[in-house]
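Observations on chain architecture
One-letter residues, chain by chain:
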Amino acid sequence: MRKNTILILIVGMLFPSLIYAGEIYGTIREGGKAVTKGIKVEVVSPAKTYTAQTDAYGSYRLYVVEKGKCMLKVYYKGQTPLFMVYSYDKSTRYDLSLESKDGKYSLKRK
């Protein structure tokens, strides 16, 4: 028990943003299929920009320190569709779908 407490304190001292960060995660799909690995995803808060990439299943995961309204951007096929997200103390899932209309992509929540 004491070892676990010490480990948690050490992690908290080395990586305090992970303890207090709100996790934003989910999947991105197009036409019912997951997007490819390596698609850049950004969450822009008023103070900072957080970046991740999708994995082989179209999943992404970011830890955002600030709480409140943020903008999620997906860099896909030369375009950057946007979607408003919210960062909280706890994890928040945003499963998104890329939709194309007249050659322009947009993001919709599933």
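Up top you'll find the structure we're talking about.
Heads up: these notes are all about the structure in this document. Each residue is numbered by its place in its chain's sequence as written, counting from 1. Per-residue local features of the predicted model are confined to residues with pLDDT of at least 70, and side-chain atom pairs are confined, for both listing and counting, to 80 or more; whole-chain, interface and lining totals are unaffected and use all residues. Excluded from the side-chain calculations are hydrogens and water; all other atoms, namely the structure's heavy atoms, are used.

Regarding the overall build of the protein chain
The secondary structure listing takes helices from DSSP runs of H or I that are at least 4 residues long and strands from runs of E that are at least 2 residues long, numbered from the N terminus. In terms of helices and strands, the protein chain carries two helices and ten strands. Listing each helix as α and each strand as β along the protein chain from the N terminus yields α-α-β-β-β-β-β-β-β-β-β-β. The rule is simple: take the accessible area with a 1.4 Å probe, protein chains only, and divide by the maximum for that residue type; under 20% is buried, over 50% is exposed, in between is partly exposed. Per-residue burial over the protein chain gives 34% buried out of 110 residues. Note on contacts: a residue pair qualifies if any of its non-hydrogen atoms lie within 4.5 Å across the two residues. By sequence separation, contacts in the protein chain at least 24 residues apart represent 50% of the contacts at least 6 residues apart. Where accessible areas are quoted, they stem from the Shrake-Rupley method and a 1.4 Å probe; at the residue level, only the protein chains shown are allowed to cover. About 7,300 Å² of surface is accessible on the protein chain, with carbon and sulfur atoms providing 57% of the total.

What to know about the sheet that holds strand 7 (residues 82-87)
What makes two strands pair is DSSP finding at least two bridges between them. Reading across from one edge, 4-3-6-7 is the order of the four strands in this open sheet, with antiparallel pairing throughout. A strand with exactly one partner marks an edge of an open sheet, and here the two such strands are strand 4 (49-53) and strand 7. When strand polarity is set aside, the average angle formed by the axes of neighbouring strands in this sheet is 25°. Sheet analysis places strand 3 (residues 40-44) next to strand 6 (residues 68-75), joined by five bridges and oriented antiparallel. Bridging from a neighbouring strand, Lys40 pairs with Tyr75 of strand 6. Between N-to-C directions, angles span 0 to 180 degrees; the directions come from axes that are lines fitted to C-alpha atoms, helices contributing only their stretch in contact.

Section: the packing of aromatic side chains
The criterion for an aromatic pair is that two Phe, Tyr or Trp rings (for Trp, the six-membered ring) have centres within 6.5 Å, with stacked assigned to planes under 30 degrees apart, edge-to-face to planes over 60 apart and tilted to the rest. Counted according to the given criterion, the structure contains two aromatic pairs. Aromatic pair Tyr76 and Tyr105: ring centres 5.2 Å apart, planes at 85°, arrangement edge-to-face. You can see Tyr76 sitting in the loop between strand 6 and strand 7 and its partner Tyr105 sitting in strand 10 (residues 104-109), a full 29 residues away along the chain. For the residue pair Tyr76 and Tyr105, the accessibility class agrees, reading buried in each case.

So, the environment of Glu42
Position of Glu42 relative to the elements: it lies in strand 3. Here Glu42 falls in the buried class, since its relative accessible area comes to 9%. Spatially, the C-alpha atoms of Glu42 and Ala52 are 6.4 Å apart, while their sequence positions differ by ten residues. Aside from chain neighbours lying at most four places away, what touches Glu42 is Thr49, Tyr50, Thr51, Met71, Leu72, Lys73 and Tyr75. Think of a polar contact as two N or O atoms within 3.5 Å of one another; within protein, one of them needs to be a possible hydrogen donor and the other a possible acceptor, and neighboring residues in sequence only count if both atoms come from side chains. At 3.0 Å, the side chain of Glu42 forms a polar contact with the side chain of Tyr75.

Re the nonpolar core
By size, the foremost hydrophobic cluster in this structure holds 22 residues, and its most contacted members are Val43, Tyr60, Leu72 and Val85. Taken together, the elements giving at least two residues each to this core come down to strand 1 (22-30), strand 3, strand 4, strand 5 (59-64), strand 6, strand 7, strand 9 (96-101) and strand 10. Residues belong to a common nonpolar core when they are buried Ala, Val, Leu, Ile, Met, Phe, Trp, Tyr or Cys residues joined through side-chain atoms within 4.5 Å.

Such coordinate-based values are descriptive only and should not be taken to indicate function.
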